[in-house]
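Each chain, written out:
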Amino acid sequence: MLDRLDRIEKDAARALIAAKDEAALQGWKTKFLGRSSELGEIFDGLRELPKEERRAVGKRVNEVKTSLESAHQARLQELHHDSMMQSLREERLDVTLPGRPIPRGRIHPANQTLRQILAIWADMGFQVYRSRDVETDEYNFGLLNMPPHHPARDMWDTFFTNEPGIVLRTHTSPGQIHVMRERAPEPVRVVLPGMCYRYEQITARAEIQFNQVEGLAVGRAITLADLKGTLINFARRFFGQGVRTRFRADHFPFTEPSAEMDIECFVCSGQGCSICKHTGWLEILGCGMVHPTVLANGGYDPEKYSGFAFGMGPERITMLKHRIEDIRHFWANDLRFLEQF
Ligand code: DAH
């Protein structure tokens with residue numbers, strides 16, 4: 001019987017080494033330590049043994065059981081350790097490798113300027129109003145004091161559509177009429193950003209589409225002083241507190257009087273250079289007091305109400321600010337250009 005136990009112990013030890021995973025180990029346990037194992041059989045048979053033998057075999061069978069159990073425990077730990085080492089080896093991660101850069105998009109330079117402009121006007125109490133890109137001839141010209149065949153219409157090379165009387169807006173000014181007709185007789189303070197379209201030869205200085213930001217203030221007793229004060233305030237906020245400005249008389253059919261606002265050339269500080277065409281000044285916007293006819297077309301009695309208006313081009317301002325020499329860059333979608341902003 002004792003020999004048998006020795007053999008069991010040896011067999012078990014050999015089989016244990018052959019158990020290469022936890023499933024095999026479980027099988028081993030059932031086979032050598034389970035209820036119907038040989039060892040179990042010996043336990044069950046103990047009672048039938050003669051007293052003397054029972055003691056010796058009982059002692060030995062317990063020894064073998066304990067040693068098998070602790071061998072099982074040790075093997076189990078060994079297998080756990082092996083599988084951990086294996087996964088460490090296979091799923092090895094080099095945390096010192098540099099990461100892959102994530103390409104970062106950015107806002108188009110013309111839109112950056114547009115947003116800055118709108119933020120300043122919003123801060124000064126001007127609401128943003130979106131008008132339409134496709135306009136009637138009447139809104140784009142007629143209601144702005146340019147009846148059919150008026151020679152001033154030649155200032156805007158126009159995209160006409162196949163639909164008679166429908167054009168792509170050549171400027172954001174028709175939005176003035178839409179706002180006034182919606183708000184009259186309430187006071188108005190709005191800016192109208194949007195795309196404009198002109199049937200032009202594309203050159204370094206002219207594109208067939210570009211943005212404008214129109215501005216309109218209508219109310220009682222608005223004067224030219226309000227126009228100048230407001231626009232100078234804008235220029236200081238946009239170009240810097242120290243910027244010098246000047247107003248030059250000009251002509252637009254929808255304003256009277258009309259002017260253009262210049263800022264002192266920031267490239268040469270007014271000395272004269274190629275950017276300012278040796279004048280020392282850069283033109284940044286057109287403006288004027290809303291023409292009485294236009295006020296009336298908008299639904300305001302020009303005897304009681306007055307207003308000022310202005311129009312500026314974000315692309316043009318961006319070109320001046322960053323000294324971009326060719327307007328075509330804005331639409332070329334060339335990353336080498338766009339990534340500079
Ligand atoms: N609409 C003009 C243009 O496209 C710009 C302009 C000038 C707008 C004077 C105005 C203004 O509101 O008062 O050239």
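Cut-offs used in this document
- Residues numbered from 1 in each chain as written.
- Predicted model: local features only at pLDDT ≥ 70, side-chain atom pairs only at ≥ 80, totals over all residues.
- Heavy atoms only, no water.
- Helix = DSSP H or I, 4+ residues; strand = E, 2+ residues; numbered from the N terminus.
- Rg over C-alpha atoms; globule rule 2.2 N^0.38 Å.
- Buried < 20%, exposed > 50% of the residue type's maximum accessible area, 1.4 Å probe, protein only.
- Contact = heavy atoms within 4.5 Å.
- Areas by Shrake-Rupley, 256 points an atom, 1.4 Å probe, with all protein chains shown as cover.
- Near = heavy atom within 4 Å.
- Polar contact = N/O pair within 3.5 Å; in protein donor to acceptor, adjacent residues only side chain to side chain.
- Nonpolar A, V, L, I, M, F, W, Y, C, P; charged D, E, K, R; others polar.
- Core = buried A, V, L, I, M, F, W, Y, C linked by side-chain atoms within 4.5 Å.
- Pairing = 2+ DSSP bridges.
- Salt bridge = Lys/Arg side-chain N within 4 Å of Asp/Glu carboxyl O.
- Domains from an automatic or database assignment.

### Here's the deal with the overall build of the protein chain
Across its full length, the protein chain holds 12 helices and 9 strands. Taking 341 residues into account, the globule formula puts the C-alpha radius of gyration at 20 Å, and the protein chain, at 44 Å, lies well above it. Here the C-alpha coordinates of the protein chain stretch approximately 135 × 45 × 45 Å along the principal axes. A buried classification covers 42% of the 341 residues belonging to the protein chain. Looking at the protein chain alone, contacts between residues at least 24 apart form 68% of all its contacts between residues at least 6 apart. For the protein chain, the accessible surface area stands at approximately 19,900 Å², while carbon and sulfur atoms represent 51% of it.

### Re the site of the ligand
The environment of the ligand is formed by 16 residues, the closest being His171, Ser173, Arg198, Gln212 and Glu214. In this structure, an oxygen atom belonging to the ligand sits 3.0 Å away from a side-chain N or O atom of Arg198. The contact in question runs from an oxygen atom of the ligand to an N or O atom on the backbone of Phe310, over 3.3 Å. Notes on the ligand: free accessible area 360 Å², of which the protein chains cover 92%. Of all the secondary-structure elements, those providing two or more residues to the shell around the ligand are strand S5 (209-219), strand S8 (281-290) and strand S9 (306-312). A per-class count over the shell around the ligand returns 6 nonpolar, 8 polar and 2 charged.

### Considerations on the nonpolar core
Counting 34 residues, the largest nonpolar core has Ile117, Trp121, Leu231, Leu285, Phe308, Phe310 and Met312 as its most contacted members. Only helix H5 (109-123), S5, helix H8 (224-239), strand S7 (255-264), S8, S9 and helix H10 (314-322) provide two or more residues apiece to this core. Once residues within four sequence positions are removed from consideration, Ile117 is found in contact with Val213, Phe234, Phe238, Met312, Pro314 and Ile317. If you look at the next biggest cluster of nonpolar residues, it comprises 24 residues, including Phe141, Leu144, Ile177 and Val294.

### Overview of the environment of Phe337
Within the secondary structure layout, Phe337 lies in helix H12 (residues 335-338). Among the residues examined, Phe337 registers a relative accessible area of 8% and is labelled buried. Between the C-alpha atom of Phe337 and that of Met146, which follows or precedes it by 191 residues, the distance is 39 Å. Ignoring any residue separated from it by four or fewer positions in sequence, one finds Phe337 in contact with Pro109, Ile324, His329 and Phe330.

### Let's talk about the pairing of S9
Across the 7 residues of S9, 6 count as buried, placing the element largely inside the fold. Sheet analysis places S5 next to S9, joined by 7 bridges and oriented antiparallel. From the neighbouring strand, Glu214 faces S9, where its bridge partner is Gly311. In the sheet, S8 pairs with S9 via 5 bridges, with the strands oriented antiparallel. Bridged to Gly286 within S9 is Gly311.

### Considerations on the pattern of salt bridges
Scanning the model with the defined rule gives 20 salt bridges in all. With a closest N to O distance of 2.7 Å, Arg237 and Asp123 form a salt bridge. Note that Arg237 is positioned in helix H8 and Asp123 in helix H5, a separation of 114 residues in sequence. Connected through salt bridges with shared partners, the residues Arg4, Arg7, Asp11, Arg14, Glu38 and Glu41 form a single ionic network.

### What to know about the domain arrangement of the protein chain
Under the domain assignment used here, the protein chain contains domain 1 (2-90) and domain 2 (109-338). Distance from the C-alpha centre of domain 1 to the C-alpha centre of domain 2: 94 Å.

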